[in-house]
Amino acid sequence: METWIRLSIFLGVLALMLLWEARQPKRVARVSRWHRWRSHLALILTSSVLMRLVAPIGLTGIALWVTDNSWGVFNQFERPLWLAIVLGVIALDLVLYWQHRAFHRIPWLWRLHRVHHADPDFDVTTGVRFHPIEMLLSLAIKAATITLLGIPASAVLIFEVTLNACSLFNHGNVQLPPKLESIVRKILITQELHRIHHSSLKRETNSNYGFSVVWWDWLFGSYTDRASAGSDHVDIGLQAYRNEKQNTPYIELIKLPFYKK
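For every chain, the first residue of the written sequence is number 1, and numbering continues from 1 along that sequence. Given that the model is predicted, a residue must reach a pLDDT of at least 70 before its local features are reported, and side-chain atom pairs must reach 80 or more before they are shown or counted; all residues, however, enter totals for whole chains, interfaces and linings. The side-chain figures draw on all heavy atoms in the structure; neither hydrogens nor water molecules are used.

Caption draft 1: Broad picture of the overall build of the protein chain. Regarding its fold elements, the protein chain presents 13 helices and zero strands. Along the chain direction, N to C, the helices and strands of the protein chain fall in the order α-α-α-α-α-α-α-α-α-α-α-α-α. Atoms considered for the radius of gyration are the C-alpha atoms alone. The globule rule reads 2.2 Å times the number of residues to the power 0.38. Its C-alpha atoms give the protein chain a radius of gyration of 18 Å, within 12% of the compact-globule value 18 Å for 261 residues. Expressed as lengths along the three principal axes of its C-alpha atoms, the size of the protein chain is roughly 55 × 40 × 35 Å. Buried means the residue's accessible area, taken with a 1.4 Å probe over protein chains only, is under 20% of the maximum for its type, while exposed means over 50%, and partly exposed covers the values in between. Split into buried and exposed, the 261 residues of the protein chain put 49% on the buried side. When contacts within the protein chain are restricted to residue pairs at least 6 apart in sequence, those whose partners lie at least 24 apart make up 75%. Exposure was quantified through the Shrake-Rupley algorithm and a 1.4 Å probe, taking into account, for residues, occlusion by the shown protein chains and nothing else. A total of about 13000 Å² of accessible surface is found on the protein chain, and carbon and sulfur atoms cover 69% of it. Here the protein chain contributes 28 positively and 19 negatively charged side chains, and the mean placements of these two sets differ by 6 Å. Numbering of helices and strands starts at the N terminus; helices are DSSP runs of H or I of at least 4 residues and strands are runs of E of at least 2. The contact criterion used throughout is that any non-hydrogen atoms of two residues lie within 4.5 Å. Counting rule for charge: Lys and Arg are taken as positive, Asp and Glu as negative, and neither His nor the chain ends is counted. Here the site of a charge means NZ on Lys, CZ on Arg, CG on Asp, or CD on Glu.

What follows is the structure in structure tokens.
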């Protein structure tokens, strides 16, 4: 059921975002969408296969196994299930925030993560553009968090569904109406905020790390309210990877972490 729930919501949100982008695009694409989308689809399929091979039972299966064995902090004392779910979702989101910061700050992790940032455009498919090794490391980090804390399977499912939906939403090549955006950004990472994170300027790239809520960036001093170039002129991508032959083909994206620059 986990797979079907996640896949159904993922495809539903993806379809809605693609429709929104088609009707009201924020920016004109630099590169053919079909070339980019083909590579992004290949990346997510590769990652999905590898993660299923490494952890056939998935993260919710790991959570069930942990609960059955009474492992983790949450399983060491009596507590209502709802509290464990709420704390579990919060804990996973906080861990993913710090994971994201680590992938920007630690050089060998940045080599993996720059596959995501080398995208010359910014649209919903950028939300699935991650190197398979980064996806495997993220899987390991989340599995370790689940095991250490004893996070219930229901919390894991809620978090994973929310994470996927938010990643698709905040990478959309769209914009909310200004008045609505000013309200939503007080809670969630909007497209306007996350577009700053994909700026070619390092000080902007190293900000707005949140995937869902904006509060972690506020709390830990990584929030950037406005792009220096303005909303319509953020320079997306990495200066070192401007050539389409470097930043778009699937094979080049797989090889990109192993280049020195």
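Caption draft 2: Looking closely at the packing of helix α5 (residues 107–117) against helix α6 (residues 132–149). To define axes, lines are fitted to C-alpha atoms, for helices over the stretch in contact only, and angles between the resulting N-to-C directions are given on a 0 to 180 degree scale. Running from N to C, α5 and α6 point in directions that differ by 120 degrees, and their axes come no closer than 8 Å. The angle between the axes of α5 and α6 places the two elements in the oblique class. On α6, the residues touching W108, L109, L112 and H113 of α5 are I133, E134 and L137. Taken together, the residues that form the contact of α5 with α6 break down as five nonpolar, one polar and one charged. Angles below 35 degrees are treated as roughly parallel, those above 145 as roughly antiparallel, those between 65 and 115 as roughly perpendicular, and all remaining angles as oblique. Gly is put with the polar residues, along with every residue not named as nonpolar or charged; the nonpolar set is Ala, Val, Leu, Ile, Met, Phe, Trp, Tyr, Cys and Pro, and the charged set is Asp, Glu, Lys and Arg.

Caption draft 3: Quick look at a nonpolar patch on the surface. On the surface, W82, V86, L87 and I90 cluster together into a nonpolar patch covering about 390 Å² of accessible area. Of note, L87 is situated in helix α4 (residues 81–105). Judged by relative accessible area, L87 falls into the partly exposed class, the value being 37%. In this scheme, patches are assembled from residues that exceed 30% relative accessible area and form no salt bridge. Like charges are connected within 9 Å, while nonpolar side chains (Val, Leu, Ile, Met, Phe, Trp, Tyr) are connected within 5 Å. Put simply, a salt bridge is a Lys or Arg side-chain nitrogen that is within 4 Å of an Asp or Glu carboxyl oxygen.

Caption draft 4: The arrangement of the packing of helix α1 (residues 2–23) against helix α7 (residues 153–170) in detail. Packing of α1 against α7 leaves a shortest axis separation of 9 Å and a crossing angle of 15 degrees. Taken together, the axes of α1 and α7 lie roughly parallel to each other. As α1 packs across α7, the resulting crossing turns out to be right-handed. Mapping the contact onto sequence places E2, I5, R6, I9, F10, V13, L14, M17 and W20 in α1 and L157, E160, V161, N164, A165, L168 and F169 in α7. Taken together, the residues that form the contact of α1 with α7 break down as twelve nonpolar, one polar and three charged. Helix crossings fall into two classes, left-handed where the near helix is turned counterclockwise from the far one by less than a right angle and right-handed where it is turned clockwise.

Caption draft 5: Highlighting the pattern of salt bridges. Tallied over the entire structure, the rule returns 14 salt bridges. A salt bridge links R36 to D123; the nearest nitrogen and oxygen atoms lie 2.8 Å apart. A residue pair is termed long-range when its members are at least 10 positions apart, and R36 in helix α2 (residues 33–54) and D123 in the loop between α5 and α6 qualify at 87 residues. Note on accessibility: R36 and D123 belong to one class, buried. The shortest N-O distance in the salt bridge between D119 and R129 comes to 3.8 Å. Of the two residues, D119 sits in the loop between α5 and α6 while R129 sits in the loop between α5 and α6, which places them ten residues apart along the sequence. Neither D119 nor R129 differs from the other in exposure class; each is buried. Taken together, the salt bridges that share partners define one network made up of K26, E192, R195 and D232.

Caption draft 6: Fine view of the nonpolar core. Here, the term nonpolar core denotes a set of buried Ala, Val, Leu, Ile, Met, Phe, Trp, Tyr and Cys residues that are joined through side-chain atoms within 4.5 Å. If you look at the biggest cluster of nonpolar residues, it comprises 23 residues, and the most contacted ones within it are L59, I62, L92, I146, I151 and V156. Mapped onto this core, the elements with two or more residues apiece are α3 (58–68), α4, α6 and α7. Contacts of V156, omitting those with residues within four sequence positions, involve L59, T60, A63, L92, I146 and I151.

Caption draft 7: The arrangement of the packing of aromatic side chains in detail. Only Phe, Tyr and Trp rings take part, Trp by its six-membered ring, and two of them pair if their centres are within 6.5 Å. Stacked means planes under 30 degrees apart, edge-to-face means over 60, and tilted covers everything else. Counted under the stated rule, the structure contains eight aromatic pairs. The interplanar angle of 70 degrees and the centroid separation of 4.8 Å between the aromatic rings of W65 and W71 together place this pair among those described as edge-to-face. Here W65 falls in the partly exposed class, since its relative accessible area comes to 44%. Classification of W71 as partly exposed rests on a relative accessible area of 37%. Their ring planes at 85 degrees and their centres at 5.3 Å tell us that Y97 and W98 sit as a pair that is edge-to-face. Overall, Y97 belongs to the buried group, its relative accessible area being 1%.

Caption draft 8: Layout of the side chain of E134. Mapped onto the elements, E134 comes out in helix α6. Not counting residues up to four positions away in its chain, the partners in contact with E134 are F103, L112 and H113.

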